[in-house]
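Structural description and commentary
Read off the chains here:
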Amino acid sequence: MSRRFIVGGNWKMNGDKDKITEIVSNLMRGPLDPNAEVVIGVPSIYLAYVKSIMPDNISVAAQNCWKVPNGAFTGEVSPAMILDVGGEWVILGHSERRTIFNEKDDLIAEKVAHALDTGLNVIACIGESLEERESGKTEEVVFRQIKALLPAIADNWENVVLAYEPVWAIGTGKTATPQQAQDVHASLRHWLALNVSPDVAQNVRIQYGGSVTAANAKELAACSDIDGFLVGGASLKPEFIDIVNASQ
Ligand code: PEP
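The paragraphs below set out a description of the structure included in this document.

About the cut-offs
Residues numbered from 1 in each chain as written. Predicted model: local features only at pLDDT ≥ 70, side-chain atom pairs only at ≥ 80, totals over all residues. Heavy atoms only, no water. Pairing = 2+ DSSP bridges. Helix = DSSP H or I, 4+ residues; strand = E, 2+ residues; numbered from the N terminus. Axes fitted to C-alpha atoms, helices over the stretch in contact; angles between N-to-C directions. Near = heavy atom within 4 Å. Polar contact = N/O pair within 3.5 Å; in protein donor to acceptor, adjacent residues only side chain to side chain. Areas by Shrake-Rupley, 256 points an atom, 1.4 Å probe, with all protein chains shown as cover. Nonpolar A, V, L, I, M, F, W, Y, C, P; charged D, E, K, R; others polar. Buried < 20%, exposed > 50% of the residue type's maximum accessible area, 1.4 Å probe, protein only. Arc of directions from axis to C-beta. Contact = heavy atoms within 4.5 Å.

Time to look at the sheet that holds strand β3 (residues 58-62). The eight strands are arranged β1-β2-β3-β4-β5-β6-β7-β8 in a closed barrel whose pairing can be described as parallel. Along the sheet, successive strands turn relative to each other by an average axial angle of 25°, direction set aside. Note: strand β2 (residues 37-41) against β3, four bridges, orientation parallel. Looking across to β3, one finds that Ile40 is bridged to Val60.

A separate point is the site of the ligand. Taken together, 14 residues sit near the ligand, with Lys12, Glu165, Gly171, Ser211 and Gly232 positioned nearest. Gly171 has a polar backbone atom sitting 2.6 Å from an oxygen atom of the ligand. Here Ser211 contributes a backbone N or O atom positioned 2.7 Å from an oxygen atom of the ligand. When the free accessible area of the ligand is taken as 290 Å², the share hidden by the protein chains comes to 96%. Tallied by class, the residues present in the shell around the ligand amount to four nonpolar, eight polar and two charged.

As a further point, take helix α10 (residues 214-221). Buried residues of α10: Asn216, Ala217, Leu220 and Ala221, and no others. One face of α10 carries all of its buried residues, which in axial projection span an arc of 130°. Seen from the buried face of α10, the exposed residues on the opposite side, beyond 90 degrees, are Ala215 and Glu219. Contact partners of the buried residues in α10: α8 (178-195), β7 (205-209), β8 (228-231) and α11 (240-244).

And the structure:
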């Protein structure tokens with residue numbers, strides 16, 4: 001089994017040119033574990049700028065996209081546009097998109113399908129709310145979310161990374177314990193083995209996201225089914241380097 005450790009940064013709607021230049025300079029200083037893949041999700045308006053200053057060993061992602069190549073969709077960007085300015089990835093299904101922008105499973109699936117068809121790689125986010133966890137529905141929710149994506153992903157699994165992000169842990173400072181995260185990752189792999197294929201279950205990379213910091217990353221990274229992180233707040237800080245290096 002060789003799943004390459006992959007750490008995504010999600011800057012969300014943060015930064016300006018000065019701050020971005022500072023973060024990229026810090027990433028260039030590293031040192032970054034050469035065995036870890038790094039993908040940085042940036043606000044679309046800065047994609048081309050970030051790409052122009054980012055070293056080649058770090059990929060750039062958009063944080064959202066629309067589901068068709070072009071047309072009368074005021075305010076949206078398409079996967080073709082993301083690719084055109086050097087983006088290689090897109091983050092889809094983030095809980096902030098699901099809750100604040102009311103994106104449902106079927107819309108997320110349409111976006112995933114179109115992004116993959118266009119040639120982008122996709123970080124597909126899933127995760128339960130606090131209420132769902134407390135009522136014992138974690139597996140039901142994440143299985144439903146992943147099931148909705150199956151026709152969209154079809155046989156493109158090598159271009160997809162799953163991010164398990166319990167909503168109650170995002171931006172709250174409340175991290176899932178390594179055991180809680182590992183249990184869900186293992187359940188997801190088991191579900192994929194039964195519903196897709198043992199090969200996909202074995203090879204797909206599953207990131208954990210939710211208040212990952214330099215202080216908790218090593219313990220989480222040591223879990224056998226955690227293949228990296230999707231990092232919000234800490235991706236804006238120098239400690240992101242330690243998170244990238246957490247599997248060393
Ligand atoms: C995220 O935005 O995907 C995330 C996990 O945020 P944070 O690390 O700040 O909890």
